[in-house]
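# Overview (structure and organization)
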Amino acid sequence: MTKPRFFGLLAALLAILTFASFVSSQNTDVKAAYIKTEFQIPMRDGRKLFTQVYAPRDTAEKYPMLMTRTPYSVSPYGPENYARQLGPSALFAKEKYIFVYQDVRGKHMSEGHYSDVRPFNPNKKSKTEVDEASDTYDTIEWLLKNVPNNNGRVGMYGISYPGFYTTMGILSGHPALKAASPQAPIADWFVGDDDHHNGALFLMDAFGFNQMLGWPRTAPTASEFKSFDYGTSDGYKFYLDLGSVANAQSKYFKGQVEYWNDLTKHGTYDEFWQSRNILPHLKNIKTAVLTVGGWFDAEDLYGAIKTYQNIEKNNPGIKNNFVMGPWCHGCWSRSGQQLGAINFGAPTGNWYQENVELPFFNYYLKGKGELKLPEATIFETGTNEWRRYEQWPPANVEAASLYFQADGKLSFDAPKLTAGYDEYVSDPSSPVPYTQRVTTNRNATYMIEDQRFVAKRPDVVSYQSDVLTEDLALAGPITAQLFVSTSGTDSDFIVKLIDVLPETAPVNGTAAGGGMQMLLRWEVMRGKFRNSYEKPEPFKPGEPTNVPLNLNDVSHTFQKGHRIMVQVQSSMFPLIDRNPQQFVDIYHAQEADFQKATQRIYRAGQLTSHLRVLMLKK
């Protein structure tokens, strides 16, 4: 997949999000087989959205339309400038679809005002009340009437932000929308996707994204992307030197970036964020849905899982398929055989494209073939095998708990001690790094990175099981029940689940060495939100407190000879902004607010910290 010339922190991310079809170099094969036309499609409020249509030159039959809507540009512009590839994969152009690409409202060549994750309005009362669902409905209605040789059926797909627009398209309720595939879709930007996890700001992503794509425009333009000079290759140094998050506004954004203004103004889960949570609206769906995600997606793992779950819960009887593979963000659009040092044994992305994605759209949009997909097509890491389930989590699982023990032990047996804890000092001036790489780009491979680079830090506590005498498979959600105390009044708590490989064993014949501590799943809780995102509460210094934490789902086998490890820490910088460890408005904290804190992790009696898991019975 050719990457556009994007700059800044999220260059690699946006290269994925803009898809293989949105590249600037022309492909003679596409031009030979397709006719490209550009339109300004009017919406109900009079605004016009820039739209490209690639229609097969062969008009022997009528074709369905396959659409994606994006804030990342439908480049190349101009009727004579053709994309190198059309559709989710190269397979689709050979199948012959009518491909539709649209700049969303307020972005690039489309008119109107742009709003980040524009809220869904289910009760529109006039033509001036619009959202992404109504824009999708109006677009489909216009296309059906104005694009020749269509068969009356429409499909949608998109990765990440375009995945969000796909979900919004489903909510349009247009009867011609027969199939939709939200892939790594945004669901909730405060609880689990992109900019925040459990209220903690993902600093690198939010800062880099807004530097590149958040600036206001004065008129429609072919390119809104801006470069940013960090002045160093060391992101850890850049963000540490930045100081408080408040300094990003005074030094760089200066009140000009609307979303950064909103982000730092709304520091709790108020109406601004709640209105942007799409999950409560996923009801009365008639469209066939294929939700896709990656186990190592650094941006929208939460969104994929929760989108599938909420559609399944609220729409009994519809066709609702779920796919999770061993992928980073959007990596299913590529080979998908390897991520970092880990080789998955086969090109999993290609397998998905051929056996799931293309058959899904062909069946619902062309009436072609038999669709034999199970409810859930799940890749099990560790064994590197695809599993087929009729529900997710699968039915054949058994709940169990992994308990923190004395002397860094981890066991399925509850500790017999009545008191005990482990202690570390969290220092905001020396936060735990999220990666050992020196980079200003938030790298995707940190999601499986070897954690030995932090294991010996005094502010990271590790718990490790004995060597496993047989394979142990987990399938489904993981939740942590931490019992902690802090000498401060606020703190972050981060839990990491790790697969520790044998010292003498290579990893699938790849570059990962023996003894690798492979990160499998992790999550953060901003402590003041432990009981409520809407009403944060300070800690009482030194008082033991329960901090629950959802780590999202896994499908992984810890193989015989491996160990299970859990790490706990209070920073993961600069991926996550630093918590001052005082109960303050972090977005407007002063340098004096940042203080060291002594953290205790309790592991005995009624205060036994543990992970709740689902073990797969094979």
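Bear in mind the structure is a predicted one, so any value in this text is a computation, not a measurement. (Residues numbered from 1 in each chain as written. Predicted model: local features only at pLDDT ≥ 70, side-chain atom pairs only at ≥ 80, totals over all residues. Heavy atoms only, no water.)

Right, let's talk about the sheet that holds strand β3 (residues 63-70) for a bit. The strands making up a sheet associate through backbone hydrogen bonding, with each pair oriented either parallel or antiparallel. Spatial ordering of the open sheet is given by β1-β2-β4-β3-β5-β6-β9-β10-β13-β14, a layout of 10 strands whose pairing is mixed. A strand with exactly one partner marks an edge of an open sheet, and here the two such strands are β1 (34-42) and β14 (385-389). Adjacent strand axes in the sheet meet at a mean angle of 20° when their direction is disregarded. Contacting β3, β5 (150-159), β6 (177-183) and β9 (288-294), helix α5 (residues 161-171) runs over the sheet at an angle of about 140° to β5. Along the sheet face, helix α11 (residues 301-314) touches β6, β9 and β10 (320-325) and points at about 160° away from the line of β10. (Pairing = 2+ DSSP bridges. Helix = DSSP H or I, 4+ residues; strand = E, 2+ residues; numbered from the N terminus. Axes fitted to C-alpha atoms, helices over the stretch in contact; angles between N-to-C directions. Contact = heavy atoms within 4.5 Å.)

Below, the discussion takes up the nonpolar core. Counting residues in each nonpolar core, the largest one holds 180 residues, and the members touching the most others are Tyr-161 and Trp-522. Tallying contributions element by element places strand β19 (residues 472-486) first for this core, with 8 residues. With near-sequence residues (within four places) excluded, Tyr-161 lies in contact with Pro-71, Tyr-72, Tyr-114, Asp-116, Val-117, Ile-186, Trp-189 and Phe-209. (Core = buried A, V, L, I, M, F, W, Y, C linked by side-chain atoms within 4.5 Å. Buried < 20%, exposed > 50% of the residue type's maximum accessible area, 1.4 Å probe, protein only.)

Now for helix α9 (residues 258-265). Those residues of α9 lying buried are Tyr-259, Trp-260, Asp-262, Leu-263 and Thr-264. For α9, the secondary structure elements touched by its buried residues are β7 (196-197), β8 (200-201), α6 (203-213), α8 (246-253) and α10 (271-274).

A sheet is described by the order of its strands in space; here 4 strands give the open sequence β18-β23-β20-β21, paired in antiparallel fashion. Of all the strands in the sheet, the pair left with one neighbour each is β18 (460-464) and β21 (517-526). In this sheet, adjacent strand axes meet at a mean angle of 20° when their direction is disregarded. Pairing analysis gives 5 bridges linking β18 to strand β23 (residues 563-569), with the strands arranged antiparallel.

For the structure on display, the rule yields 1 disulfide. The residue that forms a disulfide with Cys-328 is Cys-331, at a sulfur-sulfur distance of 1.8 Å. Taken as a pair, Cys-328 and Cys-331 share a single burial class, namely buried. (Disulfide = S-S within 2.5 Å.)

In the sheet, β1 pairs with strand β2 (residues 48-56) via 9 bridges, with the strands oriented antiparallel. Its bridge partner being in β2, Gln-40 is matched across the sheet by Phe-50. The hairpin formed by β1 and β2 contains 5 residues between the paired strands, and Gly-46 there has a positive phi angle of roughly 95°.

Right, let's get into the pairing of strand β15 (residues 397-404). Where burial is concerned, most of β15 is hidden: 6 out of the 8 residues are buried. As judged from the 2 bridges shared by β15 and strand β16 (residues 410-411), these two strands associate in the antiparallel manner. Paired with Phe-404 across the two strands is Leu-410, which belongs to β16. Counted between consecutive antiparallel strands, the loop separating β15 from β16 contains 5 residues, among which Asp-407 sits at a positive phi close to 60°.

As a further point, take the packing of aromatic side chains. Counted by the stated rule, this structure contains 58 aromatic pairs. Centroid distance Tyr-97 to Phe-99: 6.1 Å. Interplanar angle 45°. Geometry classified as tilted. One exposure class covers both Tyr-97 and Phe-99, and it is buried. For the ring pair Phe-190 and Tyr-533, a centre distance of 6.1 Å and an interplane angle of 85° mean the geometry is edge-to-face. (Phe/Tyr/Trp six-rings, centres within 6.5 Å; stacked < 30°, edge-to-face > 60°.)

Here we come to the confidence of the model for the protein. Detailed conclusions should not be drawn from predicted coordinates in areas where pLDDT is low. For the protein, the average pLDDT comes to 94, and 94% of its residues sit at 70 or higher. Confidence drops under pLDDT 50 across residues 1-26; counting only partners more than four residues distant or on other chains, this segment forms 81 contacts. (pLDDT = per-residue confidence, 0-100.)

A cis geometry characterises the amide bond from Ser-75 onward to Pro-76, with omega recorded as 10°. When you line up the elements, Pro-76 lands in the loop between β3 and α3 (90-95). In this structure, Pro-574 follows Phe-573 across a cis peptide bond, with omega equal to 0°. Here Pro-574 is to be found in the loop between β23 and β24 (597-604). Despite not being glycine, Asn-198 shows a phi value in the positive range, around 50°. Looking at where Asn-198 falls in the secondary structure, it is placed in the loop between β7 and β8. Under the relative-accessibility criterion, Asn-198 is labelled buried at 7%. A positive phi is found at Asp-407, a non-glycine position, where the angle reads about 60°. Topologically, Asp-407 is positioned in the loop between β15 and β16.

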